[in-house]
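Structural characterization, general
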Amino acid sequence: MASKPGILTDWPWTFLGNFKYLVLAPFVGHSIYTYFMSKDESQRDIIYIIILPLLLSRVIHNQIWISLSRYRTARGNNRIVDRSIEFDQVDRESNWDDQIIFNGLIYYIGYLLLEQAHHLPLWRTDGIIIIALLHIGPVEFLYYWLHRALHHHFLYSRYHSHHHSSIATEPITSVIHPFAEHISYFMLFAIPLLTVTLTGTASITAFGGYITYIDFMNNMGHCNFELIPKWIFSMFPPLKYLMYTPSYHSLHHTQFRTNYSLFMPMYDYIYDTLDKSSDILYEKSLEREAEVPDVVHLTHLTTPESIYHLRLGLASLASKPQSSKWYFWLMWPVTLWSIMITWINGHTFIVERNLFKNLKLQTWAIPKYRIQYFMKWQRETINNLIEEAIMEADEKGIKVLSLGLLNQEEKLNSSGELYIRRNPQLKVKVVDGSSLAVAVVLNSIPKGTSQVVFRGRLSKVAYSIALALCQGGIQVVTLDEEEYKRLKTKLTPEAATKLVLSKSYNVSKTWLVGDGLSEDEQLKAPKGTLFIPYSQFPPSKARKDCFYFSTPAMITPKHLENVDSCENWLPRRVMSAWRIAGILHALEGWKEHECGNMMFDIDKVWKASLDHGFCPLTLASAIESNN
């Protein structure tokens, strides 16, 4: 929102929320009915029905730019601005599709009102030339002066400041303006389209090409990485007056009073508003190499729909805890295509970057889904992918690599020990984060608890929790004889006196649960039971009269920068213990691996996390985030 919002700031359909697309429904329905059901051949016009595919292609075009820009800026090569993107920017820019809806309404209404817009040919050279000339002349010229007017304090505070709230731009930043601004922009871009329509020189190619050109240049100018090679300007020097670059427009967002032009810098040259550092920034951005992080967190895909929740996916979904959406079934072709791409690609990819004080962080993802980790025939392939990522990190000089989710599965690689045995010369420290996960679970148990129930699949973390509880005088109750025997073998004789086998589910209202906790078992727990997971994945919630704590995680400090997405099902600015452990490892300069049977001192790790600003989740915050 602008600092002093003016009239026509909000979009007319804002009150409709996610149902805003319904404003196009009457036109879409009418176009389909007219084309397929009309008996009058003259009313069957391909122009009317292809408006919807045009709008959908614009959505896809924009999304490709979003994903590409986020991937490239995470890598760091050719990045222009180093500032962070946070949740407030994602929320502010979440309505980027409003302008497509607005344009769609105008296209439909324009078609119905203008007889000249009917039955257009595929190609007309004269119309394409007219559009090009009108864009270079009136459109670019008028936009330049409109843009300068919008930077006058009166209009800036009421309208244009909303757009400039984003210093580190993303492609969709290009269309984040109040409704009134979009009206003025559309009036400018309509000049060439309306002219060729009224003069009878319009064509499908001219319309589609001009709209695609506007989207392409808008997205490119705000993508925050430089991609225009120098040889293009060397081959045709006048091009620098006819095409801007991402770094050129980026200066407008950092300096505000320079580089006002739309897509063609010639008017900045003519009216002396060119930023003198434009060429320098352009060359520096081109020369910038990919960033080498200090810490890498290695995760993987979970469900097929998790691609939409990645930072590289849909920004608005990535900024919220992962959950299934009803409209995902409509996107199954895209989901299937992404599964095929990840299957074929077979190489780790960068998901995001962060900055913790002076520590550079990256998250890498294995292109495998959760279900594949439980397929025996996939284990060798997955282990090879993880090992390749570790060796790549070692080669690049990365200090720490933490294993997230099932990448540290005991049955898969003995909590990472497999890679240490294979590569004893590793300099990068491999961390499974078990010690901090144990510490988080122990500190999530309500004060004064004297007895807890253990359920679910036992793991390295589970054994350590049970040992710490028994040594601390808290009784650990198991409901399965086999689990009881396995736990007992891991305890000292003194600690084992606190381990109890019971057949009653009502012994305690504090349950520590791992993978494999069934819904039937949850239904047997007493009312008001607190389920505290020690597993990587949260249990399914079968009870509304019980409380479910988060999987081991902590709230991140404010100086963790560039946080604009959620980690799987965790709420905003909450990070899993396994991921935090890698950061602590680098901050503290610990020289040992933490994998296999290796465990750090739990109290030492917990204190380090608090010292560096990480905060425990409270029961209230965990419940609130799950509602």
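Residues numbered from 1 in each chain as written. Predicted model: local features only at pLDDT ≥ 70, side-chain atom pairs only at ≥ 80, totals over all residues. Heavy atoms only, no water.

The name given to the protein chain in an unreviewed UniProt entry is Protein ECERIFERUM 1-like, with Nicotiana sylvestris as the source organism. According to the UniProt record, the Subcellular location (unreviewed entry) comment for the protein chain is "Membrane". (UniProt positions renumbered as here; feature names shortened; annotations may be inferred.)

Describing the packing of aromatic side chains
Enumeration according to the criterion identifies 33 aromatic pairs in this entry. Here the aromatic rings of tryptophan 65 and phenylalanine 216 are separated by 5.4 Å at their centres, their planes lie at 70°, and the arrangement is edge-to-face. Here tryptophan 65, found in helix H3 (residues 51-75), pairs with phenylalanine 216, found in helix H9 (residues 204-221); they are 151 residues apart in sequence, far enough to count as distant. For phenylalanine 216, a relative accessible area of 36% gives the class partly exposed. The rings of Trp11, Trp13, Phe102, Tyr107, Phe179 and Phe186 are connected pair by pair, giving a single aromatic cluster. Positioned above the aromatic ring of phenylalanine 537, the side-chain terminus of arginine 370 is 3.9 Å from the ring centre. (Phe/Tyr/Trp six-rings, centres within 6.5 Å; stacked < 30°, edge-to-face > 60°. Helix = DSSP H or I, 4+ residues; strand = E, 2+ residues; numbered from the N terminus. Buried < 20%, exposed > 50% of the residue type's maximum accessible area, 1.4 Å probe, protein only. Lys NZ or Arg CZ within 6 Å of the ring centre and 35° of its normal.)

What about the sheet that holds strand E13 (residues 560-561)?
The strands making up a sheet associate through backbone hydrogen bonding, with each pair oriented either parallel or antiparallel. Reading across the sheet, the six strands line up as E5-E4-E1-E3-E2-E13 and stay open at both edges, with mixed pairing between neighbours. In this open sheet, the two edge strands, each paired with only one partner strand, are strand E5 (429-431) and E13. Two elements, strand E4 (residues 400-403) and E5, share three bridges in a ladder whose sense is parallel. Directly across from serine 402, in E5, lies its bridge partner valine 431. Docked against the sheet, H3 engages strand E2 (349-356) and strand E3 (359-366), running at close to 55° with respect to E2. Sitting on the sheet, helix H17 (residues 379-396) touches strand E1 (295-300), E3, E4 and E5, and the angle it makes with E3 is about 155°. (Pairing = 2+ DSSP bridges. Contact = heavy atoms within 4.5 Å. Axes fitted to C-alpha atoms, helices over the stretch in contact; angles between N-to-C directions.)

Focus on the UniProt feature "transmembrane region" (unreviewed entry) in the protein chain
In the numbering used here, UniProt assigns the feature "transmembrane region" (unreviewed entry) to residues 19-36, 48-68, 99-115, 127-146, 183-211 and 326-344. Secondary structure content for residues 19-36 is 67% helix and 0% strand, while the C-alpha to C-alpha distance between its ends is 26 Å.

Describing the domain arrangement of the protein chain
Domain boundaries in the protein chain define domain 1 (14-223), domain 2 (295-435 + 572-625) and domain 3 (445-554). One C-alpha centre belongs to domain 2, the other to domain 3; they are set 25 Å apart. Summed over both partners, the interface of domain 2 with domain 3 buries about 2,000 Å², with 67% contributed by carbon and sulfur atoms. Our count for the contact surface shared by domain 2 and domain 3 stands at two salt bridges. A salt bridge links glutamate 409 to arginine 457, with the nearest nitrogen and oxygen atoms 3.3 Å apart. Elements that contribute at least two residues to the side of domain 2 that touches domain 3 include exactly strand E14 (574-576), helix H25 (577-588), helix H26 (602-611), strand E15 (615-616) and helix H27 (619-626). Per-class residue counts for the side of domain 2 that touches domain 3 are 19 nonpolar, 11 polar and five charged. (Domains from an automatic or database assignment. Buried area = accessible area lost by both parts, 1.4 Å probe. Salt bridge = Lys/Arg side-chain N within 4 Å of Asp/Glu carboxyl O. Nonpolar A, V, L, I, M, F, W, Y, C, P; charged D, E, K, R; others polar.)

Here we look at the sheet that holds strand E12 (residues 553-555)
Judged by pairing direction, the sheet is antiparallel, and its three strands sit side by side in the order E14-E12-E15 without closing on themselves. Edge positions in the sheet fall to E14 and E15, since each of these pairs with one other strand and no more. Pairing between E12 and E14: three bridges, direction antiparallel. Within E14, the residue paired with alanine 553 across the bridge is serine 576. Seen against the sheet, H25 touches E12 and E14 and runs at an angle of roughly 85° to E14.

Regarding the UniProt feature "domain: Fatty acid hydroxylase" (unreviewed entry) in the protein chain
Here, the residues flagged by UniProt with the feature "domain: Fatty acid hydroxylase" (unreviewed entry) are residues 134-273. Between the C-alpha atoms that bound residues 134-273 there is a distance of 23 Å. The span itself is 59% helix and 0% strand.

Side note on the pattern of salt bridges
It is possible for side chains bearing opposite charge to pair when their charged atoms get close. Applying the stated criterion across every chain, the model contains 28 salt bridges. We note a salt bridge from arginine 572 to aspartate 91, for which the minimum N-O separation is 2.8 Å. On the criterion of sequence distance, the pair formed by arginine 572 in the loop between E13 and E14 and aspartate 91 in helix H4 (residues 87-92) is long-range, its members being 481 residues apart. According to the relative accessible area criterion, aspartate 91 is partly exposed, its value standing at 38%. One network of salt bridges, in which partners are shared, links Arg70, Glu170, Arg311 and Asp564.

Quick word on helix H6 (residues 125-150)
For H6, spanning 26 residues, the distance from its first C-alpha to its last is 35 Å, which sits close to the expected 38 Å at 1.5 Å a residue. Considered for burial, the residues of H6 that qualify are Gly127, Ile131, Leu134, His135, Val139, Glu140, Tyr143, Tyr144, His147 and Leu150. Packing partners of the buried residues in H6 comprise helix H7 (153-158), helix H8 (179-198), H9, helix H11 (246-255) and helix H12 (266-270). (Expected span 1.5 Å × (residues − 1).)

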